[in-house]
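Chains, contacts and geometry: an overview
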Amino acid sequence: MERDALTLDGNAAAGLLGELFAIEMTAAVATCDACGTSGAIGGARVYGGEMGAIFRCATCDAVIVRLVRTSRGISFDARGMRCLVVAEASA
């Protein structure tokens with residue numbers, strides 16, 4: 001099977017994305033790309049105000065997430081995060 005036949009656009013993952021971001025994110029476990037430490041997003045150091053927030057690793061102080069509110073919406077930049085684990089809701 002050709003690769004193009006298996007390629008979809010981002011809209012195909014709408015359900016999965018909705019599940020990820022429609023939950024309590026402070027309990028999600030992030031792994032810092034700089035030092036490899038894992039911890040709840042709620043335990044990160046956050047600096048910010050009305051326009052957004054910068055999340056820094058509680059261990060090494062590296063930036064793990066940037067959230068910025070603009071006139072077009074919210075920008076989510078997680079380049080400093082190696083991995084994000086979100087626990088499934090209990091049934």
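Quick caveat, the model's predicted, so the values are computed rather than measured.

Re the packing of aromatic side chains
Counted under the stated rule, the structure contains one aromatic pair. Aromatic pair Phe21 and Phe76: ring centres 5.6 Å apart, planes at 75°, arrangement edge-to-face. Placement of the pair is Phe21 in helix α2 (residues 14-21) and Phe76 in strand β6 (residues 73-77), with a sequence separation of 55 residues. The exposure class of Phe21 is partly exposed, given its relative accessible area of 44%. Of the residues examined, Phe76 reaches a relative accessible area of 42% and is grouped as partly exposed.

Quick look at the sheet that holds β6
Strand order in this open sheet of four strands is β3-β4-β5-β6, and the pairing throughout is antiparallel. Two strands in the sheet have a free side with no partner beyond their single neighbour: β3 (45-49) and β6. The average undirected angle you get between the axes of adjacent strands in this sheet is 10°. Where β3 lies against strand β4 (residues 52-56), five bridges are found, and the strand directions are antiparallel. Following the sheet pairing, Gly49 is matched in β4 by Gly52.

Comments concerning the sheet that holds strand β1 (residues 29-32)
Read from one edge to the other, the open sheet built from three strands follows the order β2-β1-β7, with strand pairing classed as antiparallel. Two strands close off the open sheet at either side, each with one partner strand: β2 (38-40) and β7 (81-85). Across the sheet, the mean angle from the axis of one strand to that of its neighbour is 25°, orientation sign disregarded. Two elements, β1 and β7, share four bridges in a ladder whose sense is antiparallel. Looking at β7, one finds that Val29 is bridged to Val85.

The rules we used
- Residues numbered from 1 in each chain as written.
- Predicted model: local features only at pLDDT ≥ 70, side-chain atom pairs only at ≥ 80, totals over all residues.
- Heavy atoms only, no water.
- Phe/Tyr/Trp six-rings, centres within 6.5 Å; stacked < 30°, edge-to-face > 60°.
- Helix = DSSP H or I, 4+ residues; strand = E, 2+ residues; numbered from the N terminus.
- Buried < 20%, exposed > 50% of the residue type's maximum accessible area, 1.4 Å probe, protein only.
- Pairing = 2+ DSSP bridges.
- Axes fitted to C-alpha atoms, helices over the stretch in contact; angles between N-to-C directions.

Spatial relationships are all this shows, so hold off on functional conclusions.
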